[in-house]
Amino acid sequence: MKDLKASRGKYLIQRLIELGENETQDFKYAISDARKIARSISAFANNRGGCLLIGVKDNGAIAGVRNEEDVYVVEQAGSMYCDPPQKLTFDAFRTDGATIVIRATVSEAARRPVRVREADGSRRAYIRVADENIVAHPLMVRAWMNHRPQDDILDETAWEILDAVRNAATPLPPEVLPMLIHRSTAITNATVVRLVNLGLLSFTYVTHRFRLVAVPESELPIG
């Protein structure tokens, strides 16, 4: 299949399935929509990489790869529907008799964001949260696109944002910051992007919404 030589992998695949769908793993059985596959590829690439187990149902049941074309569709998803194109690596494992499961591995992107060319002409970047592919927050995308700031000198607005996030009882949605610090949305958003790039703030996804958290001192970048 696709010039892949299947190796014995019954127990390896079983161990992977036991981990379930998670931040770095997605089960794929019905390979019918390349764009849907591209969203998983984008989400993994924008995070820390991951793999698709082709031939495994959502409930973890091993069904095997149904058609050789499934692998080509996954390749197409990475090459045609991801921007920039993503190249996956494929490994085939024989689990029982003629049953084959293919592991398609997505590497963490060297350049983010990796966007998906959607059917409506838009391009959306995704991020993996637990076992879901979530459309990345626009400020997260801006932070990915912007180069790291040349200096780490913080102005008054930056300190106000940091204080607001650090003193909040719960993680703050970035949309509420302009009102809290009495600054324009444009200035606030630009400063949030800079603070994310400096490694002082990060995004978390809580109750179906992106929110900002302050990076703990123990995790702050050095230098």
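The structure displayed is predicted, hence computed values, not measured ones.

## Things to note about the sheet that holds strand 3 (residues 50-54)
If you walk across this open sheet you meet the five strands as 1-5-6-3-2, and the pairing is mixed. Each edge of the sheet is formed by a strand with only one pairing partner; in this case those strands are strand 1 (7-8) and strand 2 (25-28). Bridging between strand 2 and strand 3 involves four bridges; their strand directions are parallel. Paired with Phe27 across the bridge in strand 3 is Leu53. Of the strands in this sheet, strand 2, strand 3 and strand 6 (99-106) are in contact with helix 2 (residues 34-45), which crosses strand 3 at around 150°. Along the sheet face, helix 3 (residues 69-80) touches strand 3, strand 5 (89-96) and strand 6 and points at about 150° away from the line of strand 5.

## Focus: the layout of surface pockets
Taking a probe equal in size to a water molecule and rolling it over the atoms shows the remaining empty space. For the largest pocket, the calculated volume is near 640 Å³. Asn46, Arg112, Met140, Trp144 and Val196 are, among the 28 residues lining the largest pocket, the residues nearest its centre. Of all the secondary-structure elements, those providing two or more residues to the lining of the largest pocket are strand 8 (123-129), helix 4 (138-145), helix 7 (185-197) and strand 10 (201-206). Take the lining of the largest pocket: its biggest share by element is five residues, from strand 10. Among the residues making up the lining of the largest pocket, the classes are represented as 14 nonpolar, seven polar and seven charged. In this structure, the second largest pocket spans a volume of roughly 250 Å³. Lining the second largest pocket are 14 residues, with Phe27, Lys28, Ala30, Lys36 and Asp58 positioned closest to its centre. For the lining of the second largest pocket, the secondary-structure elements that each account for two or more residues are strand 2 and helix 2.

## Digging into the packing of aromatic side chains
Summed over the entire model, instances satisfying the criterion amount to two aromatic pairs. Judged by centre distance (6.4 Å) and plane angle (90°), the rings of Phe203 and Phe210 are edge-to-face. With respect to class, Phe203 is no different from Phe210; both count as buried. Considering the side-chain rings of Tyr205 and Phe210, the 4.9 Å spacing of their centres and the 65° angle between planes classify their relative orientation as edge-to-face.

## Some remarks on the pairing of strand 11 (residues 209-214)
Direction of pairing for strand 10 relative to strand 11: antiparallel, over a ladder of six bridges. Across the sheet, residue Ser202 finds its bridge partner in strand 11, namely Val213. The antiparallel pairing of strand 10 with strand 11 creates a hairpin that spans two residues between the two strands, and Thr207 there sits at a positive phi of about 45°.

## Structural notes on the environment of Trp159
Looking at the element boundaries, Trp159 is found in helix 5 (residues 156-167). Taking the C-alpha atoms as reference, Trp159 lies 9.8 Å from Thr191; in sequence the two are 32 residues apart. Once residues within four sequence positions are removed from consideration, Trp159 is found in contact with Leu154 and Arg166.

Conventions adopted
- Residues numbered from 1 in each chain as written.
- Predicted model: local features only at pLDDT ≥ 70, side-chain atom pairs only at ≥ 80, totals over all residues.
- Heavy atoms only, no water.
- Pairing = 2+ DSSP bridges.
- Helix = DSSP H or I, 4+ residues; strand = E, 2+ residues; numbered from the N terminus.
- Contact = heavy atoms within 4.5 Å.
- Axes fitted to C-alpha atoms, helices over the stretch in contact; angles between N-to-C directions.
- 1 Å grid on protein atoms, 1.4 Å probe; cavity = no way out; pocket = protein on both sides within 12 Å on 5 of 7 lines; lining within 4 Å.
- Points joined across faces, edges and corners; volume = space filled by probe spheres on them.
- Nonpolar A, V, L, I, M, F, W, Y, C, P; charged D, E, K, R; others polar.
- Phe/Tyr/Trp six-rings, centres within 6.5 Å; stacked < 30°, edge-to-face > 60°.
- Buried < 20%, exposed > 50% of the residue type's maximum accessible area, 1.4 Å probe, protein only.

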